[in-house]
Amino acid sequence: MDERYIELVLSIVERIPPGQVATYGDIAELVGIGGPRLVGRVMSLHGGGVPWWRVVRADGRPVRGIEAEALDLLQRDGTPLRDGRVDLGLARYHPV
């Protein structure tokens, strides 16, 4: 995996403010190459130092396996949640 790609993904995640989220697909679109799965791979291998919980699946659910921790952190951030998922209509990150 290209180091520049990793840095781009992580820099986007670092800019997501509390209370907002981006999907893996959103981040792939912002980077301009790769897709949601590649972003997921970057996050799983290198995302521990950034607010990883602010990156969610396309349906607004946190990553599998650590949902409870992610939902707790999202709630602490003040992210709008409904039925165990983020309300993307209210919380989706739109960079300026």
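First things first, this report covers the structure right here in the doc. Computed from a predicted model, the values in this text were never measured in an experiment.

**A few points about the packing of helix α1 (residues 3–15) against helix α2 (residues 24–31)**
Thought 1: Closest axis-to-axis distance for the α1/α2 pair is 10 Å, and the angle between their directions is 120 degrees. Classed by the angle they form, the pair α1 and α2 counts as oblique. Here the hand of the crossing between α1 and α2 comes out right-handed. In this structure, α1 contributes Tyr 5, Leu 8, Val 9, Ile 12 and Val 13 to the contact, and α2 contributes Ile 27, Leu 30 and Val 31.

**Some words on a nonpolar patch on the surface**
Thought 1: Nonpolar side chains collect at one region of the surface, where Met 1, Leu 38 and Leu 45 lie side by side and expose about 270 Å² of accessible area between them.
Thought 2: Its location among the elements puts Leu 45 in helix α3 (residues 36–46).
Thought 3: Residue Leu 45 is classed as partly exposed on the basis of its relative accessible area, which comes to 47%.

**Comments concerning the nonpolar core**
Thought 1: Of all hydrophobic cores here, the largest spans 28 residues; its most connected members are Val 9, Val 21, Ile 27, Val 39, Met 43, Val 55 and Val 86.
Thought 2: Within the residue set of this core, elements represented by two or more residues are α1, α2, α3, β2 (55–56), α4 (67–77) and α5 (88–91).
Thought 3: The greatest single-element share of this core, amounting to 6 residues, is contributed by α1.

**Focus: the packing of aromatic side chains**
Thought 1: Taken as a whole and assessed by the stated rule, the structure comprises 1 aromatic pair.
Thought 2: Taking 5.6 Å as the distance between ring centres and 90 degrees as the angle between the ring planes, the aromatic pair formed by Trp 52 and Trp 53 counts as edge-to-face.
Thought 3: A residue is classified by how much of its surface remains accessible, and Trp 52, at 18% relative accessible area, is buried.

**A word on the environment of Leu 8**
Thought 1: Relative to the helices and strands, Leu 8 resides in helix α1.
Thought 2: The class of Leu 8 is partly exposed, set by a relative accessible area of 40%.
Thought 3: Along the sequence, Leu 8 and Leu 30 sit 22 residues apart, while their C-alpha atoms lie 9.1 Å from each other.

**Some remarks on the packing of α2 against α3**
Thought 1: Packing of α2 against α3 brings their axes to within 8 Å, and their N-to-C directions diverge by 100 degrees. Relative to α3, α2 is oriented roughly perpendicular. Contact residues: Tyr 24, Gly 25, Ile 27 and Ala 28 in α2; Pro 36, Val 39, Gly 40 and Met 43 in α3.
Thought 2: For the contact of α2 with α3, the class distribution of residues is 6 nonpolar, 2 polar and no charged.

Calculation notes
Residues numbered from 1 in each chain as written. Predicted model: local features only at pLDDT ≥ 70, side-chain atom pairs only at ≥ 80, totals over all residues. Heavy atoms only, no water. Axes fitted to C-alpha atoms, helices over the stretch in contact; angles between N-to-C directions. Helix = DSSP H or I, 4+ residues; strand = E, 2+ residues; numbered from the N terminus. Parallel < 35°, antiparallel > 145°, perpendicular 65-115°, else oblique. Left-handed = near helix turned anticlockwise from the far one by under 90°. Contact = heavy atoms within 4.5 Å. Patch = residues over 30% accessible without salt bridge, like charges linked within 9 Å, V, L, I, M, F, W, Y side chains within 5 Å. Areas by Shrake-Rupley, 256 points an atom, 1.4 Å probe, with all protein chains shown as cover. Salt bridge = Lys/Arg side-chain N within 4 Å of Asp/Glu carboxyl O. Buried < 20%, exposed > 50% of the residue type's maximum accessible area, 1.4 Å probe, protein only. Core = buried A, V, L, I, M, F, W, Y, C linked by side-chain atoms within 4.5 Å. Phe/Tyr/Trp six-rings, centres within 6.5 Å; stacked < 30°, edge-to-face > 60°. Nonpolar A, V, L, I, M, F, W, Y, C, P; charged D, E, K, R; others polar.

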